[in-house]
Amino acid sequence: MFEKMLAAIVDGTLEPGERLNDDQLVKWLGVSRTPVREAIAQLQTYGLVDIEANRFTRVAARDDIVYAEAAQFLAGLHTLAREWGSGNLDAATRRTLLGSIASVKTQLKAHDLDGPGALLDVQGELAKASGNALFVGTEEPLRIRVNFLRPREVDSYDWDALLAVANELAEGLAG
């Protein structure tokens, strides 16, 4: 349930500000109310759902200030991810990540709005490679939140700066 609802929020099927009705979600997902409520509670911890007891449950609204703070924190975590994860990669995983970075660079050069999220996901793979469960458990929900909150307009990004990050990642992994 959680994964399906998460995907629907991130891809815009469930839109920011949209009210979440338990009965409709139960019908849509084909499950009982309990797994739906558990998924909603987990989505709330990710910052993707707002709950006001006895009033509403809704998809969180995008907020530029929250996005800026979350993105800054995530950038710090990703610096650690490079440091802690790079040394733990086997040759096959390193090649896979270098291939992913090459794809990200193509997206960024084309100003593809999926590129910034893909760049975050590559860095998330380095966090996983750290082998530190607490680190991964902190990085993943934050990365998902930043992906949800990130701007949806091409002019909102410094594409050259993003490309520089991708190049730095590639150089560090190839090194």
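See the structure above.
Residues numbered from 1 in each chain as written. Predicted model: local features only at pLDDT ≥ 70, side-chain atom pairs only at ≥ 80, totals over all residues. Heavy atoms only, no water.

Visitor: Looking at this model, I keep getting lost on the nonpolar core. Mind explaining?
Guide: Most often, soluble globular proteins keep nonpolar side chains buried together rather than apart. Core analysis: the biggest nonpolar cluster contains 26 residues, and Ile-101, Leu-108, Leu-119 and Leu-126 have the highest contact counts within it. For this core, the secondary structure elements donating two or more residues are α4 (64-86), α5 (91-109), α6 (115-129), α7 (133-149) and α8 (159-174). The dominant element in this core, judged by the number of residues it contributes, is α8, at 7 residues. (Core = buried A, V, L, I, M, F, W, Y, C linked by side-chain atoms within 4.5 Å. Buried < 20%, exposed > 50% of the residue type's maximum accessible area, 1.4 Å probe, protein only. Helix = DSSP H or I, 4+ residues; strand = E, 2+ residues; numbered from the N terminus.)

Visitor: Help me understand unusual backbone geometry in this model?
Guide: Generally, phi is negative for residues other than glycine and the peptide bonds are trans, each holding for most cases. In this structure, Asn-54 is a non-glycine residue whose phi angle is positive, near 60°. You can see Asn-54 is positioned in the loop between β1 (49-52) and β2 (56-59). Asn-54 gets classed as exposed once you look at its relative accessible area, which sits at 84%. A positive phi angle is found at His-111, which is not glycine, with a value near 55°. If you trace the backbone, His-111 turns up in the loop between α5 and α6.

Visitor: Sorry, what's going on with the pairing of β1 here?
Guide: Note: β1 against β2, 4 bridges, orientation antiparallel. Paired with Ile-51 across the bridge in β2 is Thr-57. Counting the residues that bridge the hairpin from β1 to β2 gives 3 residues, and of these Asn-54 lies at a positive phi of roughly 60°. (Pairing = 2+ DSSP bridges.)

Visitor: Explain the packing of aromatic side chains to me, please; I cannot follow it from the model alone.
Guide: What characterises a pair of aromatic rings is the spacing of the ring centres plus the angle enclosed by the ring planes. Under the definition given, this model contains 3 aromatic pairs. Across from the ring centre of Trp-28, 5.3 Å away, lies the NZ or CZ of Lys-4, which sits over that ring. Over the aromatic face of Phe-148 sits the side chain of Arg-62, whose NZ or CZ is 5.0 Å from the ring centroid. (Phe/Tyr/Trp six-rings, centres within 6.5 Å; stacked < 30°, edge-to-face > 60°. Lys NZ or Arg CZ within 6 Å of the ring centre and 35° of its normal.)

Visitor: Mind showing me how you'd approach a negative patch on the surface here?
Guide: A contiguous patch of negative charge, built from Asp-63, Asp-64, Glu-69, Glu-153 and Asp-155, is present on the exposed surface. As for its placement among the helices and strands, Asp-63 is situated in the loop between β2 and α4. Relative accessible area serves as the criterion here: at 33%, Asp-63 is assigned to the partly exposed category. (Patch = residues over 30% accessible without salt bridge, like charges linked within 9 Å, V, L, I, M, F, W, Y side chains within 5 Å. Areas by Shrake-Rupley, 256 points an atom, 1.4 Å probe, with all protein chains shown as cover. Salt bridge = Lys/Arg side-chain N within 4 Å of Asp/Glu carboxyl O. Lys, Arg positive; Asp, Glu negative; His and termini not counted. Charge placed at Lys NZ, Arg CZ, Asp CG, Glu CD.)

Visitor: Looking at this structure, I do not really get the environment of Asp-64. What am I missing?
Guide: Turning to its location among the elements, Asp-64 is positioned in helix α4. Overall, the relative accessible area of 65% leaves Asp-64 in the exposed class.

Interpretation in functional terms is not warranted from these geometric data alone.
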